[in-house]
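Results of the structural survey
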Amino acid sequence: MKNLFDISGKVAVVTGGSRGIGAMIARGFVENGVKTYICSRHTDQAEQTAAALSEYGTCIAFQADLSIVEGIEKFVSEIASREEKIDVLVNNAGAVWAAPIDEFPESGWDKVMDINVKSVFFLTQKFLPLLRASDMARIINIASVDGQSVPGFETYSYSASKAAVIHMTRVLAKRLAQDNILVNAIAPGAFPSDMTKVVL
Ligand SMILES: NC(=O)c1ccc[n+]([C@@H]2O[C@H](COP(=O)([O-])OP(=O)(O)OC[C@H]3O[C@@H](n4cnc5c(N)ncnc54)[C@H](OP(=O)(O)O)[C@@H]3O)[C@@H](O)[C@H]2O)c1
């Protein structure tokens, strides 16, 4: 019982772990003995976070643009060159766009869908060989309450993206149970971060 929640020695990947929720999740892993990889588009912030978290254990940062499959493949191959397996994949990286309905641009739709939905699927797909090599693989998708209830802001693509993540989590969970990979989603409520500083 004492070691029921012991995760020391595991390997985790937290996308968008450079700040906000991802950095908090990464800190929780690092403090509990998990070798933790984080990434973001901006190298400086990811490296600063990794350096700060390395005070508690092992945290390694990479630059990656996960909104395109090429960026996902590069990130996955960097991890694969260092690790034989990963135990936890946290699909956290995300973006929001708010605009009045009459002005909402295609760019605000595509940007949000690419990182919030497309990347969750392709990161999962490309990490499968490393996840299958673990004896306790877990995928945790960071959704949002905005995917479950109608938000107060005009964030059309964001709400649709998070509803998509919630349902895709169910679909992936059913398929990947065969591979002993447990897939879950978390739907946080609003809290202060770079993402919400415009709207809150
Ligand atoms: N804050 C909230 O109230 C709230 C509530 C519910 C759910 N969530 C969800 O929680 C997750 C984290 O949100 P947060 O509030 O912590 O946001 P945040 O502070 O803006 O952090 C987002 C992270 O994702 C990274 N990222 C964004 N686009 C990326 C891309 N194309 N490729 C790689 N990394 C990328 C960012 O780094 P770069 O910009 O350097 O790439 C950053 O590390 C998101 O999925 C969000 O939807 C947040």
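Scroll up for the structure.
This text gives an overview of the structure that appears in the document. (Residues numbered from 1 in each chain as written. Predicted model: local features only at pLDDT ≥ 70, side-chain atom pairs only at ≥ 80, totals over all residues. Heavy atoms only, no water.)

1. A word on the pairing of strand β1 (residues 11-15)
- For β1, a buried count of five out of five residues is recorded, marking the element as mostly surrounded by other parts of the structure.
- Where β1 meets strand β2 (residues 35-40), five bridges bridge the pair, whose relative direction is parallel. By the bridge assignment for β2, Ala 12 is matched with Thr 36.
- For the handedness criterion, the β-α-β arrangement of β1, helix α1 (residues 20-31) and β2 is classed as right-handed.
- Inspection of the sheet shows β1 paired to strand β4 (residues 88-91) by three bridges, in the parallel sense. Residue pairing in the sheet places Val 14 in a bridge with Val 90 of β4. (Buried < 20%, exposed > 50% of the residue type's maximum accessible area, 1.4 Å probe, protein only. Helix = DSSP H or I, 4+ residues; strand = E, 2+ residues; numbered from the N terminus. Pairing = 2+ DSSP bridges. Right-handed = clockwise from strand over helix to strand, strands pointing away.)

2. As for unusual backbone geometry
- With a phi angle near 60 degrees, Asn 180 is a residue other than glycine that sits in the positive phi range.
- With relative accessibility at 61%, the residue Asn 180 sits in the exposed group.

3. Focus: the packing of aromatic side chains
- For the structure on display, the rule yields five aromatic pairs.
- The interplanar angle of 90 degrees and the centroid separation of 5.9 Å between the aromatic rings of Phe 75 and Phe 127 together place this pair among those described as edge-to-face. Residue Phe 75 is located in helix α3 (residues 69-80), and its partner Phe 127 is located in helix α4 (residues 106-132); the two are separated by 52 residues in the primary sequence. Take Phe 75 and Phe 127: they sit in the same class, and that class is buried.
- For the ring pair Phe 121 and Phe 122, a centre distance of 5.0 Å and an interplane angle of 85 degrees mean the geometry is edge-to-face. (Phe/Tyr/Trp six-rings, centres within 6.5 Å; stacked < 30°, edge-to-face > 60°.)

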